[in-house]
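# Coordinate analysis (summary)
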Amino acid sequence: MNPRNVLILPGWQNSGPDHWQSRWEKAHGYTRVEQHDWMRPLRGDWSARLEEVLLACDEPAVLVAHSLGCMLTAAWASHSRNTHRVKAALLVAPPDVEREDVCQMLPGWAPVPLGKLPFSAVVFCSSDDPFCAPERARRFAAAWGAELVEAGPRGHLNADSGLGDWPEAFEKLQRLQALPASLPNSHS
């Protein structure tokens, strides 16, 4: 699989240089989906940007989402007619955008899309994520039809979690990359 078609989907405020997403992007040549406004994320704008980047890929992509990037993936998949352009997704630390404090920080992202994803997915969650209780992350993974990996007490699974290159998640990503691409409409 062409590394350019592994798409990095950061969350709110983007991912800094020490974040595992940024480290993977730099080490492996993955493509960061740049959003127009990292500080005031609009679901429709972010979805349109993801659609635009996916349509430019020369093969089905693998999404590597962190935090709000997970909600972007689920929201995009719930309305796009191009879901066959995604082979798989690694979804890390989905935030509970229906929780009052998170909803105030990220207006317009609730409700959480809970439809089954039309591609393979793995969700990583932490037992002490400040933005999502573990039982909610489990519910999201089940609704999305995703494999769940509980990473223990590691915060929001970001640069502050001290994950470095995060080999455990990278191994899952490599497995997702190796999956065969589905044919268009095979998940209809």
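For the structure given in this document, a descriptive report is provided here. Small disclaimer: the values here were computed from a predicted structure and weren't measured. (Residues numbered from 1 in each chain as written. Predicted model: local features only at pLDDT ≥ 70, side-chain atom pairs only at ≥ 80, totals over all residues. Heavy atoms only, no water.)

### A short note on the packing of aromatic side chains
Both the distance between ring centres and the angle between the ring planes are used here to describe each pair of aromatic rings. For the record, the criterion: Each Phe, Tyr or Trp ring, with Trp reduced to its six-membered ring, pairs with another whose centre is within 6.5 Å; inter-plane angles below 30 degrees give stacked pairs, above 60 give edge-to-face pairs, and intermediate values give tilted ones. A run of H or I in DSSP becomes a helix once it reaches four residues, and a run of E becomes a strand once it reaches two; helices and strands are each numbered from the N terminus. Only protein chains enter the calculation, and the probe is 1.4 Å; a residue is then buried if its accessible area is under 20% of its type maximum, exposed if over 50%, and partly exposed in between.
Here the structure, examined in full by the defined rule, presents seven aromatic pairs. Seen from their ring centres, Trp-20 and Trp-166 are 5.2 Å apart, and the 65 degrees between their planes marks the pair as edge-to-face. In this pair, Trp-20 is assigned in helix H1 (residues 20-28) and Trp-166 in the loop between strand E6 (147-150) and helix H6 (167-178), connecting sequence segments 146 residues apart. Note on Trp-20: relative accessible area 1%, which makes it buried. Exposure remark for Trp-166: the relative accessible area of 1% places this residue in the buried category. Ring pairs connect the aromatic residues Trp-20, Trp-24, Phe-124, Trp-166 and Phe-170, which therefore count as one cluster.

### Structural notes on the sheet that holds E6
Test applied: Pairing between two strands requires that DSSP report at least two bridges joining them. Throughout, a residue-residue contact means that at least one pair of heavy atoms, one from each residue, lies within 4.5 Å. For helices, the fitted line uses only the C-alpha atoms of the stretch in contact; every axis is such a line through C-alpha atoms, and the angle between N-to-C directions lies from 0 to 180 degrees.
Pairing in this open sheet of six strands is parallel, and the strands run E2-E1-E3-E4-E5-E6 from one edge to the other. Looking at the sheet topology across the chains shown, the edges are occupied by strand E2 (31-32) and E6. Here strand E1 (residues 6-9) runs beside E2; their pairing, made up of two bridges, is parallel. Directly across from Leu-7, in E2, lies its bridge partner Thr-31. Against the sheet, H1 touches E1, E2, strand E3 (61-66) and strand E4 (86-92), its axis set at about 150 degrees to E3.

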